[in-house]
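Okay, here's what each chain looks like letter by letter:
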Amino acid sequence: MTRDEIREVVLSILAGIAPEIDAEEIRPGADLRDELDIDSMDFLRFLERVEERLGVTVPEKDYPRVRSLASCVAYLEERGAAERAT
Amino acid sequence: MAEFRMPLLGADMEAGTLVEWKVKPGDRVKRGDLVAVVDTDKGAIDIEIWEDGTIASVLVEPGTKVPIGTVLALVTSAGEAVTPPAEAEALATRPTPAQPAATPRRAAPAPPAGRARASPAARARARELGVDVSAVRGTGPDGAVTRADVDAAAAQARPTSMRQAIGAAMARSKREIPHYYLAADVDVSRALAWLAAENERRPLAQRLLPVVLLLRAVARATREVPEMNGLFVDGAFRPGEAVHLGVAISLRQGGLVAPALHDVDRKPLGELMRELGDLVTRARSGGLRSSELADATLTVTSLGDLGVQSVFGIIYPPQVALVGFGRIEERPWVVEGRVEVRPVVTATLAGDHRVSDGIRGAQFLAAVDRQLQAPEAP
């Protein structure tokens, strides 16, 4: 998948967690938890959906690398994210 | 013949509106079945029944607001002859119907896709002002809610029923309960190291969050200091027969609920995590059960995700204590004469002086600390 395609999938997952958010307003470098007003339970759900949709399991030690939209997309690209059917 | 009544779903509740019957006369029911939906200040709640039997008749029509304790239906116990509905109806006093029900509200409806969008700045402003952003009419591009829209909505806003209910319960608490407050810093390096190793071997969907360790520590600490767990009713303390922790859950549109997580001291961490996830989901999207709103014997609030260091809460009556946790953060910590960097959390206790003194509160927080030093305990 291209970086843009990964970004689209990530944004669609985030929209499911915080549906009132305008995706275009998310600042790429900002912490997603602050930006979307999500808590640690929401963040865990986000990672579950990433695993389902893109086939990448994010270990806890890599959490700092998926904190912002930009770093998350870059990390998933590096890990070889691939769209799944779900 | 048993009577199924409008339950008390919180210290601040005086009445509820029957929204929907999930059973009809002649249906068999068993203990724990969901039989009705009631709208309260906390949203729409699924009501369970605590009798086995057959619904003989329903006495209150959907859309009717009735005081707590009003008989909603009659239930024929198992083995008892079923009473004809007309006769059963005559056995109960019918409540006076009140105004038509307001539109049923789920406890915290998640805004559906397509609802007005809002920028992070607008949402931050809404949170600051206590405005439900999903209810604000947007004037930005494609109807997006702007910061100015939020300001305008705040200027016109009246307190929501949930805000009024929270205010009433907290005002009552501060009037009636002589609070005392204690705080203790707890080194959670052992707990977090154990959690990291445990999560390493768990599939992502079964990973544990630190909050479940905190909840279990609180629940088990009540075994050493039981006067933190229970209710103050009719001028006396009634110890809890089990440890049902009220978990304060913030709602995306503002406000909070504190439904109960049952038997927290006895359950494995994986089960607690699953149940907590389910509780959070239902609190925010609807589907809390009456037992979950009425059963809590001690409430825990954690504001760590929001970055605060400590939280000094107000006891939720008729409970007699509230435990708070702030953010787990690295701090300088003295270990055997040396300063080390350790993950530390500040645990706080709001206690009820009618039931306990500060010394017992201090012993309770010490017990929470001990529990967190033994995360591997089964």
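Quick caveat, the model's predicted, so the values are computed rather than measured.

Reading the values: the criteria
Residues numbered from 1 in each chain as written. Chains lettered and ligands numbered in written order. Predicted model: local features only at pLDDT ≥ 70, side-chain atom pairs only at ≥ 80, totals over all residues. Helix = DSSP H or I, 4+ residues; strand = E, 2+ residues; numbered from the N terminus. Rg over C-alpha atoms; globule rule 2.2 N^0.38 Å. Buried ≥ 20, exposed ≤ 12 C-beta atoms within 10 Å, placed from the backbone. Contact = placed C-beta atoms within 7 Å. Nonpolar A, V, L, I, M, F, W, Y, C, P; charged D, E, K, R; others polar. Domains from an automatic or database assignment.

Participant: Is there a simple way to think about the overall build of chain A in this case?
Facilitator: Looking only at helices and strands, chain A has four helices and zero strands in total. Computed over the C-alpha atoms, the radius of gyration of chain A is 12 Å, within 12% of the 12 Å expected from 2.2 N^0.38 for a compact globule of 86 residues. Projected onto the principal axes, the alpha-carbon positions of chain A cover approximately 25 × 25 × 25 Å. A buried classification covers 34% of the 86 residues belonging to chain A. Of the contacts made within chain A by residues no fewer than 6 positions apart, 65% connect residues no fewer than 24 positions apart.

Participant: I'm lost on the interface of chain A and chain B in this one. Help?
Facilitator: How big an interface is tends to be expressed through the accessible area that disappears when the partners come together. Facing 17 residues of chain A, the contacting portion of chain B comprises 23 residues. In terms of residue count, helix H3 (residues 40–54) of chain A provides more of the side of chain A that touches chain B than any other element does, six residues in total. Tallied by class, the residues present in the side of chain A that touches chain B amount to six nonpolar, two polar and nine charged.

Participant: How should I be thinking about the domain arrangement of chain B in this particular structure?
Facilitator: Domains assigned within chain B are domain 1 (2–91), domain 2 (120–158) and domain 3 (163–372). Centre-to-centre, using C-alpha coordinates, domain 2 of chain B lies 32 Å away from domain 3 of chain B.

Participant: Would you explain the environment of Arg202(B) in this entry?
Facilitator: As for its placement among the helices and strands, Arg202(B) is situated in the loop between helix H5 (189–201) and helix H6 (210–224). Along the primary structure Arg202(B) and Gly270(B) are separated by 68 residues, whereas in three dimensions their C-alpha atoms are 9.9 Å apart.

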